[in-house]
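The chain contents come next:
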Amino acid sequence: MGAIFTSIMFWRLPDGSGRIDMASILLLGITTWTIYILDRILDLKVYPKDFSERHAFHAKNQYNLSILLIALIVTGTILSFLIPYRVLLYGAALSLFLVIYFVILNKFMKNSKFQWLKEPVTAIGYTLAVVGIAFVYQSSINLSGWVLAFLLFLVASQNLLVFSYFENLKNQEIKNSVSSFGAKWTLRFIRMIGVVTLLLVLILFSGGFGYPNRAAFVIALMSQVLSFLPSKSEYMIHKSRYRWLGDGVFLLPVILLIF
């Protein structure tokens, strides 16, 4: 749902009345969910020692999730025949990129010091999917649209860094960006992204109340929420509250459907 609402924010550019292709939006949500489930199931086989609460959930419900995965793939395949041709071509190219990434990650980098690359590559892939399907459908893209896409990439990176930070707090044996940068530098990166995002929004989008301006302030709000989470680490780590709030920020673009 976060991917869907965030993508709708970009589909509605530049003035808030841009046409939305619902088949593409639904396919994006299905694909995001499919990749997440598939990634967790593969993790159970490739990283059997990395057994978090999420992995335990997926291990316990592996059969039901496998059935759901098949249903999602079938539904996604049907929707692929209903989306615009250029969105289909773009999605195929992006899918190829993600497949190559998954193969390299799970075959050659699972015990490598380059594991920290997982966060930025995932952020790039997420941004390319959420923003890209909207941009390839539009005939032209304003500069403000490209800036908003970059801001979303920063937020997606920040989200993954926050998750890595909390996962490291729970289990320091887990290999992620914190293992490479250290907890202090990870916290600095999280806060730096929050500051940079807020400054860019204030400098570039505070001069009006048009749709791109409102979208920019929503993205800034997303970033500030993520920046806040580590300051309440004991509360956020309990029952994985940081995950609910950290992923919940991608639902905030629904505000733009109201205002």
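Everything below is about the structure printed above this text.
Caption draft 1: Just the pattern of salt bridges, in detail. As enumerated under the stated definition, the model contains 2 salt bridges in all. Across the salt bridge formed by Arg 40 and Asp 39, the nearest N and O atoms sit 3.3 Å from each other. Using a relative accessible area of 9% as the deciding quantity, one classes Arg 40 as buried. A relative accessible area of 12% means that Asp 39 is categorised as buried. Residue Arg 243 is joined to Glu 167 by a salt bridge in which the shortest nitrogen-to-oxygen separation is 2.5 Å. Taken together, the positions of Arg 243 in helix α12 (residues 241–248) and Glu 167 in helix α7 (residues 143–170) put the pair 76 residues apart, joining distant regions of the chain.

Caption draft 2: Molecular detail of the packing of aromatic side chains. Enumeration according to the criterion identifies 9 aromatic pairs in this entry. A connected cluster of aromatic rings, assembled from ring pairs, spans Phe 163, Tyr 165, Phe 166 and Tyr 242. In this structure, Arg 86 is placed above the aromatic ring of Tyr 137, and the distance from its NZ or CZ to the ring centre is 5.7 Å. Stacked on the ring of Phe 209, the Lys or Arg Arg 214 has its end atom at 5.5 Å from the ring centre.

Rules used in this analysis
Residues numbered from 1 in each chain as written. Predicted model: local features only at pLDDT ≥ 70, side-chain atom pairs only at ≥ 80, totals over all residues. Heavy atoms only, no water. Salt bridge = Lys/Arg side-chain N within 4 Å of Asp/Glu carboxyl O. Buried < 20%, exposed > 50% of the residue type's maximum accessible area, 1.4 Å probe, protein only. Helix = DSSP H or I, 4+ residues; strand = E, 2+ residues; numbered from the N terminus. Phe/Tyr/Trp six-rings, centres within 6.5 Å; stacked < 30°, edge-to-face > 60°. Lys NZ or Arg CZ within 6 Å of the ring centre and 35° of its normal.

No statement about biological role is implied by the geometric values presented.
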